[in-house]
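The lines below spell out each chain.
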Amino acid sequence: MVEAFPHSWQVEVLKASPLIAPARQFMYPQQIAGEEDALARGALQLLVRPAVGGVFLATCALGFTDRSMPTNVYSCPHPDALCAVAGGYAYIIDTLDPQRSAHVALKPVVEVRALLDQGLLLFVGFHHIVAWGADGEAWRSQRLSWEGVRVTGVEGDRLLGTGWNMLTDKDVPFALDLRTGQHEGGGFS
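Presented here is an overview of the structure given in this document. Keep in mind the model is a prediction, meaning the values are calculated, not measured. For every chain, the first residue of the written sequence is number 1, and numbering continues from 1 along that sequence. Restriction of local features to residues with pLDDT of at least 70 applies here, the model being predicted, together with a cutoff of 80 or more for giving and counting side-chain atom pairs; totals for whole chains, interfaces and linings are based on all residues. Heavy atoms throughout the structure, all of them, feed into the side-chain values; hydrogens and water do not.

### Re the side chain of Ser-75
Thinking step 1. Secondary-structure assignment places Ser-75 in strand E5 (residues 72–75).
Thinking step 2. Under the scheme applied here, a residue whose accessible area is under 20% of the maximum for its type counts as buried, over 50% as exposed, and between as partly exposed, the area being computed with a 1.4 Å probe on protein chains only. Relative accessible area serves as the criterion here: at 1%, Ser-75 is assigned to the buried category.
Thinking step 3. Within the local environment of Ser-75, its side chain forms a polar contact with the backbone nitrogen of Ala-4, the two atoms lying 3.1 Å apart.
Thinking step 4. Polar contacts, as used here, are pairs of N or O atoms within 3.5 Å; protein pairs need one atom able to donate a hydrogen and one able to accept it. Residues neighboring in sequence count only if both atoms are side-chain atoms. Within the structure, the side chain of Ser-75 is placed 2.8 Å from the backbone nitrogen of Phe-5, a separation counted as a polar contact.
Thinking step 5. The contact criterion used is simple: two residues touch if any of their non-hydrogen atoms lie within 4.5 Å. Setting aside anything within four residues of it in sequence, one finds Ser-75 in contact with Val-2, Glu-3, Ala-4, Phe-5, His-7, Trp-9 and Leu-121. Every helix listed is a DSSP run of H or I at least four residues long, and every strand listed is a run of E at least two residues long, numbered separately from the N terminus.

### Let's talk about the nonpolar core
Thinking step 1. Within the largest apolar cluster, 19 residues are counted, with the highest numbers of intra-cluster contacts made by Leu-46, Cys-60, Leu-82, Tyr-91 and Ile-93.
Thinking step 2. Looking at this core, the elements that each hand over two or more residues are strand E2 (24–28), strand E3 (43–49), strand E4 (56–61), strand E6 (81–86) and strand E7 (89–94).
Thinking step 3. For this core, the element with the most residues is E4, which contributes 4 residues.
Thinking step 4. Those residues in contact with Tyr-91 that sit more than four places away from it in its chain are Tyr-28, Pro-29, Cys-60, Ala-61, Leu-82, Cys-83, Ala-84, Ala-86, Ala-102 and His-103.
Thinking step 5. Put simply, buried Ala, Val, Leu, Ile, Met, Phe, Trp, Tyr and Cys residues joined by side-chain atoms within 4.5 Å make one nonpolar core. Counting residues in each nonpolar core, the second largest holds 16 residues, with Phe-5, Tyr-74, Val-112 and Val-130 among its members.

### A word on the environment of Thr-71
Thinking step 1. Tracing the sequence through the fold places Thr-71 in the loop between E4 and E5.
Thinking step 2. Taking relative accessible area as the criterion, Thr-71 reaches 43% and is therefore assigned partly exposed.
Thinking step 3. Spatially, the C-alpha atoms of Thr-71 and Asp-94 are 19 Å apart, while their sequence positions differ by 23 residues.
Thinking step 4. Setting aside residues up to four positions removed in sequence, Thr-71 forms contacts with Leu-44, Leu-62, Val-85, Ala-86 and Gly-87.
Thinking step 5. A distance of 2.9 Å separates a polar atom in the side chain of Thr-71 from the backbone nitrogen of Gly-87.

### What to know about unusual backbone geometry
Thinking step 1. Along the chain, Tyr-28 connects to Pro-29 via a cis peptide bond; the corresponding omega equals 10°.
Thinking step 2. Structurally, the position occupied by Pro-29 is in the loop between E2 and E3.
Thinking step 3. In this structure, Pro-108 follows Lys-107 across a cis peptide bond, with omega equal to 0°.
Thinking step 4. Looking at where Pro-108 falls in the secondary structure, it is placed in the loop between strand E8 (101–103) and strand E9 (111–115).

### Description of the pattern of salt bridges
Thinking step 1. The working definition used for a salt bridge is a side-chain nitrogen of Lys or Arg within 4 Å of a carboxyl oxygen of Asp or Glu. In this structure the tally under the stated criterion is 5 salt bridges.
Thinking step 2. For the salt bridge of Arg-49 with Glu-12, the shortest nitrogen-to-oxygen distance reads 3.9 Å. A residue pair is termed long-range when its members are at least 10 positions apart, and Arg-49 in strand E3 and Glu-12 in strand E1 (residues 10–14) qualify at 37 residues.
Thinking step 3. The salt bridge involving Glu-111 is made with Arg-113; its shortest N-O contact spans 2.5 Å.
Thinking step 4. With a relative accessible area of 24%, Glu-111 lands in the partly exposed category.
Thinking step 5. Three or more residues are tied together by salt bridges with common partners; here these are Asp-157, Asp-177 and Arg-179.

### Section: the pairing of strand E13 (residues 149–155)
Thinking step 1. Bridge count for E13 against strand E14 (residues 158–165) is 6 bridges, and the pairing is antiparallel. The residue of E14 that forms the bridge with Val-151 is Gly-161. The pairing criterion for strands is at least two bridges between them, as found by DSSP.

### Focus on the sheet that holds E13
Pairing between the strands of a sheet comes from backbone hydrogen bonds, and it takes one of two forms, parallel or antiparallel.
Thinking step 1. Judged by pairing direction, the sheet is antiparallel, and its 4 strands sit side by side in the order E13-E14-E15-E16 without closing on themselves. On the outer flanks of this sheet lie E13 and strand E16 (183–185), each paired with one strand and no other. On average, each strand axis in the sheet is inclined to that of its neighbour by 25°, with strand direction left out of account. Lines fitted to C-alpha atoms define the axes, with helix axes restricted to the stretch in contact, and inter-axis angles between N-to-C directions lie between 0 and 180 degrees.

### Describing the packing of aromatic side chains
Thinking step 1. Ring pairs are drawn from Phe, Tyr and Trp, using the six-membered ring of Trp, whenever the two centres fall within 6.5 Å, and their geometry is named by plane angle: stacked under 30 degrees, edge-to-face over 60, tilted for the rest. By the definition in use, this model includes 4 aromatic pairs.
Thinking step 2. For the pair Phe-26 and Phe-56, a centre-to-centre distance of 5.5 Å together with 90° between the ring planes defines the contact as edge-to-face. Placement of Phe-26 in strand E2 and of Phe-56 in strand E4 is noted, with a sequence separation of 30 residues between them.
Thinking step 3. Under the relative-accessibility criterion, Phe-56 is labelled buried at 0%.
Thinking step 4. Ring geometry for Tyr-28 against Tyr-91: centres 6.3 Å apart, planes inclined by 40°, an arrangement best described as tilted.

Shown next, in the form of structure tokens:
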């Protein structure tokens, strides 16, 4: 678990389904077209203890079974929100109202970064970056690469990285404004 932001909940990552499951159980993703059989790939199971209300079981379907895809739990900019990343699929769960959840529209998420100074949780994919703030999705970058975004650092409110350009077969640097998601450079033009 990555506890970058202050949070109001506790979580236990389960290695197997509990013998006695809590009364409240939630499965993610919730009714997304094309994801009817997502749980057949496997799942990340979490026993969540919110600040208020009863314990619940969160079953988060794996996006991909490839072990290189991230699977972890992250605190979010909002203290009552929990981020579960399961095989490259990212779910933001409201621990006080677990029926309210969001499936981050980036498939797959290949890296997650917490930026405390900016109050953002960044989801890096092969082509784009999505930023999540205390009030939900803050922005989504334009395409940065033909295939493969690499973050190299943060300088103030600028995210630095490279994106691959298919025509030149080179990684091209970019600078992205963390307040707006606008960028200069990158490998996709």
